[in-house]
Every structure is written in structure tokens, then in C-alpha cells.
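The lines below spell out each chain.
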Amino acid sequence: MQQLAQRVGLVEMPMTIEMSRKGRELEAKGHDVIALNLGEPDFDTPDFIKEAAKKAIDDNFSHYMPVAGFADLRQAICDKLKRDNGLTYTPNEIVVSTGAKQSIANAVLSLVNPGDEVIVPAPYWVSYVELVKLVEATPIVLPTTMQGGFKITPDQLREAMNAKSKVMLLSSPNNPCGAMYSREELAALAEVIATKKDFYVVYDEIYELITYGTEHVSLASFAEIKDQVITVNGLSKSFAMTGWRLGYMAAPKFIADACDKLQSQFTSGTNSIAQRAAIAAVSAPPSSVKYMVDEFANRRQLMFNLLSEIPGFKLYLPDGAFYMFVDVSDLLGKSSPTEKINTALDFSMYLLNTAFVSSVPGEAFGLNGYVRFSFAASINVLTEACSRIKTAVLNLK
Ligand code: PLP
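These numbers were taken from a predicted model, which means no experiment stands behind them. (Residues numbered from 1 in each chain as written. Predicted model: local features only at pLDDT ≥ 70, side-chain atom pairs only at ≥ 80, totals over all residues. Heavy atoms only, no water.)

Our next topic: the site of the ligand. The environment of the ligand is formed by Gly 99, Ala 100, Lys 101, Trp 125, Asn 175, Asp 204, Ile 206, Tyr 207, Ser 236, Lys 237 and Arg 245. The contact in question runs from an oxygen atom of the ligand to an N or O atom on the side chain of Trp 125, over 3.4 Å. Contact with the protein chains covers 93% of the free accessible surface of the ligand, which is 400 Å². Per-class residue counts for the shell around the ligand are 4 nonpolar, 3 polar and 4 charged. (Near = heavy atom within 4 Å. Polar contact = N/O pair within 3.5 Å; in protein donor to acceptor, adjacent residues only side chain to side chain. Areas by Shrake-Rupley, 256 points an atom, 1.4 Å probe, with all protein chains shown as cover. Nonpolar A, V, L, I, M, F, W, Y, C, P; charged D, E, K, R; others polar.)

Dropping the structure here:
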């Protein structure tokens, strides 16, 4: 008899991955599927980073390395945090991991006990709630609305916090909706966070460089709560390096030490070649990836214009990241010739099966009635996708 540990049953497969699997099934049957469900840039890694990796191979960086990352990489990350974020950290407060996902997991594993409460504003990135469940803590989901800019208010946070609250998981720019917290909004949240000194915020800045004119502000830049913030970042999105698997955290030393300890038993240090390449990436100024951001900006405008023409779609123009998070609630209750659309998941499946466009329903991000479309695809592909989506929606009665 097959007997897995109970913890496997605590978590679910991300719906993003599930949609990819369904899309591949349709492709295998010969359909031309446009994948707008993906959370990765369609660009290749910049050449200057690839060169650094090639050199690292030739220089024989092929041995075990410090668990928290090479000292010079951690110094380069400190320099980047100073340059771009106005944050002062020392290398022993930095832990490099196998993707920002592992950095977030390290933080949750280090700080959260079973029975603790973890505050997760919705919409949230798919893995946040699953990680909380994995450590047998309780996710306290704080819903937001499009009208409210998809942001929690200080009052919402104050009301959610109690003696059991341990951590909040927050991203800005947000995945799936692209909302960004302004300096004033963060200052107001910081005031609330400062009232409970044993409460920590994992502030996920992975989309930091992919913004469209809105200023990115690090939560740790508010001095009164710096010792309560774990800043998470990585190379996947800003440098088109999803496959290299490199993320990092900057955290109070006792948390960094704990993550170093846990990571030493799980994965050890991140791949040495990716680490050497990361020095080149984080040392480069943000302008080195401007060409990608400019292209994302064109696509964002195109996608916004084309999706705005679709009856029943309510749009939000994202401040950052590369997703349109569309309110499709007006379409729920309608029917196609073969099925009734009751939920955003039904709508997403309808689009996949009839228009061969994959998306991710809001249920995956803790907010029903929405669908996320990535615009990390070429202008031609996005134009074709929007035309297919429009036809599919017009066929709903
Ligand atoms: N945080 C957010 C908000 C993300 O969207 C993602 C990837 O989709 C990650 C973290 C994970 O990034 P990485 O590839 O560095 O593990």
C-alpha cells in the first residue's frame, strides 16, 4: 500500500503549472495553444550575464561553496541594495538561495510555528498560502478590490493582527495584478507593523525592475521596522533568468543565520555558476534591462487597449510586473453552446478549450472572479490571443 506523509496532502500543485499541463495536452492533439498563463519573461538572459557564467565554468567554479552564497556575491547584493533601494546590509545578513521561492520558503520555515497565523493579502502569489499550510500555520487572507487598487489598508492590517500573528507575505509589484504600494501607503502600513515587534513581513520585490513609471519602494527602508522585514528578490524576472534559479534575502542576522542553517540541510549553496553570473547581474545598473522593460510597456498598453474592447471585461492597468488581471465577474452565469460559466476557473477552461489561449483563474491567487493573462509574449502573439479571447467572449450568451 502506498503511504505518503500527511504533509503532502496539505499542499496543492500550483494552478499555473496545472494550466501549462492542460495546454500541452491540447498541443499534443495538434492545437495551436497561446500560453498566456506563464510567469516568465519571453526574453533570453542578457549576454553580459551569460559571459560571466561561461567564464565561471572556465575558471573552474565547480566546487561546494558557502551555503549562504559566495562572499563577493553577497557583497555585490549589499551594494545593489544600497544603490537601488537605499538599504544598508552587511554580507552576513544576505542568504542566496535556489530562487526567490526558496528564499520565501526559508523565511517561513525559520519564523512560523504550527498554529501561528500568517497574513496574506489577496490577490497573492500562488505559493504563499501553500507554504503557510505546509508549516501547519493558518493563512489569514485579506481580500482587496480593484476599486481599492488591490491594496490592503492599515486598518485592515490592524484588525487582522493579534497575538498569534507572526508573518505577513506581501509582494510589490504584485503578482498577479501588478499593483505597487506607494511610499505613503507603505509608511502607513509600517506604523501598524511597528506596533508588534515580534511580527515580520516578507516583502517580495522580485518584479522590482519591471515597472511602468511608478516608484518602487522597499519596505525595509522604513527605519522603525527594518529589523522586522525580510526583503526577498531574485534574478528570474528582472534579468530573464527563471531557469538559473537564483534568489536572495536580506534579513536581520538572526533570521539570515536560521535560513543558512536550514538551507545547509536541504540544498546547500545555490549552483556555483549561477552565483558567479549573479554577480554580473546585480552589479549592472537597472538601465541594463531597460530594453526589456520598454518592450513590456508597449505590450502592456496594447493588451490593455485590446482587452478593453471586450464586453464584460473590467481592466486594471498594472504599475509593474507583466500581467493583466481582469475582472470577468460580469461574464459569470453566461453560457456557451456547450457549457455554463459559473466561475473564473470555468471561464479560463472555456478559453483554453475553445480559443486555445491559456490563462490562470483568480481562484489560484485567492480572489474569485478574475483571470490573469501574462503579456510576456510578442506583440503579434498578444494581438492574436486578444482576438481569439474576444471571439470566445462574444459567443457567450
Ligand atoms: N515571487 C513572486 C511574486 C513570483 O511571481 C515568483 C515567480 O513566479 C517568485 C516569487 C519566484 O521566483 P523564483 O523563480 O526566483 O523562485
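The rest of the description comes next.
Another point: helix 13 (residues 379–394). Its 16 residues place the ends of helix 13 22 Å apart at the C-alpha level, agreeing with the 22 Å of an ideal helix rising 1.5 Å per residue. Burial in helix 13 covers these residues: Leu 382, Ala 385, Cys 386, Arg 388, Ile 389, Ala 392 and Val 393. Across the axial projection of helix 13, the buried residues extend over an arc of 165°, all falling on one side. In this structure, the buried residues of helix 13 make contact with strand 1 (34–35), helix 11 (290–308), helix 12 (344–355), strand 10 (357–358) and strand 12 (370–374). (Helix = DSSP H or I, 4+ residues; strand = E, 2+ residues; numbered from the N terminus. Expected span 1.5 Å × (residues − 1). Buried < 20%, exposed > 50% of the residue type's maximum accessible area, 1.4 Å probe, protein only. Arc of directions from axis to C-beta. Contact = heavy atoms within 4.5 Å.)

Attention shifts here to the domain arrangement of the chain. Looking at the assigned domains, one finds that the chain contains domain 1 (6–44 + 289–394) and domain 2 (47–285). In this structure, domain 1 and domain 2 have C-alpha centres spaced 26 Å apart. Contacts between the two partners involve 35 residues from domain 1 and, on the opposite side, 33 residues from domain 2. Around 3000 Å² of area is buried between domain 1 and domain 2 when both sides are counted, 64% of it from carbon and sulfur atoms. (Domains from an automatic or database assignment. Buried area = accessible area lost by both parts, 1.4 Å probe.)

So, about the packing of helix 5 (residues 100–111) against helix 9 (residues 253–266). Contact pair helix 5 / helix 9: the axes reach a minimum separation of 9 Å and the direction vectors enclose 110°. Judged on the interaxial angle alone, helix 9 and helix 5 are roughly perpendicular. Here Gln 102, Asn 106, Ala 107, Leu 109, Ser 110 and Leu 111 of helix 5 lie close against helix 9, whose contacting residues are Ile 255, Ala 258, Cys 259, Leu 262, Gln 263 and Phe 266. Of the residues that constitute the contact of helix 5 with helix 9, the class distribution is 8 nonpolar, 4 polar and no charged. (Axes fitted to C-alpha atoms, helices over the stretch in contact; angles between N-to-C directions. Parallel < 35°, antiparallel > 145°, perpendicular 65-115°, else oblique.)

Turning next to the side chain of Thr 231. Tracing the sequence through the fold places Thr 231 in strand 7 (residues 229–234). Contact partners of Thr 231, with chain neighbours within four places excluded, come to Leu 87, Tyr 89, Tyr 203, Glu 205, Ala 220, Tyr 248, Met 249 and Ala 250.

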